[in-house]
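# Notes for the structure review
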Amino acid sequence: MKIYGAAGFVAFVGILCLLIALVFFPIMFIREMHERGKDKWFFGWSYGVAWGAFFFLTSAAILLMCDRKREELFYKESLYINNDDEDILENQDVKIKTLKR
C-alpha cells in the first residue's frame, strides 16, 4: 500500500509541474511577442497535446488514488485427474478446482 501512496505523490508532483509549464509558457510567449511587435502568432498543435496529456495524467492519478484501498485477489487453477483404475477405462473425469490464496 505504500507504493500506491508514493506513485500518487509522484503523479501529483508531475501534474503540478505540467500545469505550471502550461500556464507560464503562454504568459512568457505573449510577453515576448509583444516586445518584438508581432501581432499575429499561434501556439500550434503541441500545446493542445500538452493539455490533453495534463487531463489524462490527472484522471489517471485520481483513478489510482480511488483504487488504492482495494485488495487484489489471486486465484490459482489446478487440474486434478481421477486415477482410479475403473474410471480410466470407463470415463475419464477431470475436475478443475479453483483455490483462493
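These notes cover the structure that comes with them.

Definitions and cut-offs
- Residues numbered from 1 in each chain as written.
- Predicted model: local features only at pLDDT ≥ 70, side-chain atom pairs only at ≥ 80, totals over all residues.
- Heavy atoms only, no water.
- Phe/Tyr/Trp six-rings, centres within 6.5 Å; stacked < 30°, edge-to-face > 60°.
- Helix = DSSP H or I, 4+ residues; strand = E, 2+ residues; numbered from the N terminus.
- Patch = residues over 30% accessible without salt bridge, like charges linked within 9 Å, V, L, I, M, F, W, Y side chains within 5 Å.
- Areas by Shrake-Rupley, 256 points an atom, 1.4 Å probe, with all protein chains shown as cover.
- Salt bridge = Lys/Arg side-chain N within 4 Å of Asp/Glu carboxyl O.
- Buried < 20%, exposed > 50% of the residue type's maximum accessible area, 1.4 Å probe, protein only.
- Axes fitted to C-alpha atoms, helices over the stretch in contact; angles between N-to-C directions.
- Parallel < 35°, antiparallel > 145°, perpendicular 65-115°, else oblique.
- Left-handed = near helix turned anticlockwise from the far one by under 90°.
- Contact = heavy atoms within 4.5 Å.
- Nonpolar A, V, L, I, M, F, W, Y, C, P; charged D, E, K, R; others polar.

With that settled, the discussion passes to the packing of aromatic side chains. Overall, the coordinates contain nine aromatic pairs when judged by the stated rule. When the centroid spacing of 5.8 Å and the interplanar angle of 25 degrees are considered together, the rings of Phe25 and Phe29 count as stacked. Separated by four residues within a single helix, Phe25 and Phe29 lie in helix α1 (residues 2-36), roughly one turn from each other. Each residue in the set Phe25, Phe29, Phe43, Tyr47, Trp51, Phe54 and Phe55 is aromatic and connected to the rest through ring pairs, giving one cluster.

Moving on, we come to a nonpolar patch on the surface. Where nonpolar side chains cluster on the molecular surface, the patch consists of Leu16, Leu19, Ile20, Val23, Phe24, Ile27 and Met28 and spans about 620 Å² of accessible area. With respect to the helices and strands, the residue Val23 is situated in helix α1. Using a relative accessible area of 38% as the deciding quantity, one classes Val23 as partly exposed.

On to the packing of α1 against helix α2 (residues 45-66), then. The interhelical angle for the contact between α1 and α2, taken along N-to-C directions, is 155 degrees, at an axis separation of 10 Å. Taken together, the axes of α1 and α2 are roughly antiparallel relative to one another. The two elements α1 and α2 meet at a crossing, and its hand is left-handed. Of the residues in α2, those in contact with Tyr4, Ala7, Gly8, Ala11, Phe12, Gly14, Ile15, Leu18, Leu19, Leu22, Phe25 and Pro26 of α1 are Tyr47, Ala50, Trp51, Ala53, Phe54, Leu57, Thr58, Ala61, Leu64 and Met65. For the contact of α1 with α2, the residue count by class is 19 nonpolar, three polar and no charged.

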